[in-house]
Amino acid sequence: MIRVLGGMAAVLAAATLLAGVPGMALGRARWSPWLTVLFGFNARYRVTPRDALRGVRAVDVALLLLVGATYAGFWPGPATGHAWWMTLAIAQPVLGVPLLVITKLSGRSGLMGGALVLGGLMVVDRTWPAVAWLGVASSLLLLGGDLGTTARPSRTLAGALAAGYVALVVWISLLAVLLFS
């Protein structure tokens, strides 16, 4: 049952990420996940202000919770029991929500931190290696773009964020396939 719920959460998370692209294109930062806002700022697209990242938006909270539920679908681990590591993977996006509510800025990177842990477990267990490496790569690209964003936009970071975003959408979609199979 948890696998089915995790698969449904993955489908909704991928749909949320995909819906963020037109939201950004229409200049609706409130409708877009923070990753598209970061891209818009670094790419100087529609002159997205960096301050658009401040505050708690429902799309970010929903995405963090959906991704946490997706990771939970793999409980207790991709191949063998890794309860402690899986708890860490699930906890990062879920605990990102209260951190975001308290700080109005931090906590969203829990999505990528959890993906690094889950992807790492898949690599170690040699389960779905292509999917595992895609998750690790997307997380590293997005973390680099997220943590590297400063007051000055950077086209290099925009490229990393775009590549990581596409990889994240594909990775979460593949997680849905794995959870439903």
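Whatever comes next refers back to the structure up there.
It should be emphasised that the depicted structure is a prediction, and the values quoted were computed from it without experimental measurement. (Residues numbered from 1 in each chain as written. Predicted model: local features only at pLDDT ≥ 70, side-chain atom pairs only at ≥ 80, totals over all residues. Heavy atoms only, no water.)

**Examining a nonpolar patch on the surface**
Item 1. Taken together, the side chains of Met-1, Val-4, Leu-5, Met-8, Val-11 and Phe-180 present a nonpolar region at the surface, about 600 Å² in accessible area.
Item 2. Examining the composition of the nonpolar patch, we find that four residues originate from one element, helix H1 (residues 2–25), more than from any other.
Item 3. With respect to the helices, strands and loops of the structure, Leu-5 is situated in helix H1.
Item 4. Overall, Leu-5 belongs to the partly exposed group, its relative accessible area being 43%. (Patch = residues over 30% accessible without salt bridge, like charges linked within 9 Å, V, L, I, M, F, W, Y side chains within 5 Å. Areas by Shrake-Rupley, 256 points an atom, 1.4 Å probe, with all protein chains shown as cover. Salt bridge = Lys/Arg side-chain N within 4 Å of Asp/Glu carboxyl O. Helix = DSSP H or I, 4+ residues; strand = E, 2+ residues; numbered from the N terminus. Buried < 20%, exposed > 50% of the residue type's maximum accessible area, 1.4 Å probe, protein only.)

**Side note on the pattern of salt bridges**
Item 1. Following the criterion strictly, the structure yields two salt bridges and no others.
Item 2. Across the pair Arg-108 and Asp-60 runs a salt bridge, and its minimum N-O distance is 3.1 Å. Within this pair, whereas Arg-108 is found in the loop between helix H4 (83–103) and helix H5 (110–125), its partner Asp-60 is found in helix H3 (residues 58–72), the two being separated by 48 residues in sequence.
Item 3. Its relative accessible area of 0% is what places Asp-60 among the buried residues.
Item 4. A cluster of three or more residues bridged by salt bridges with shared partners is formed by Arg-57, Asp-60 and Arg-108.

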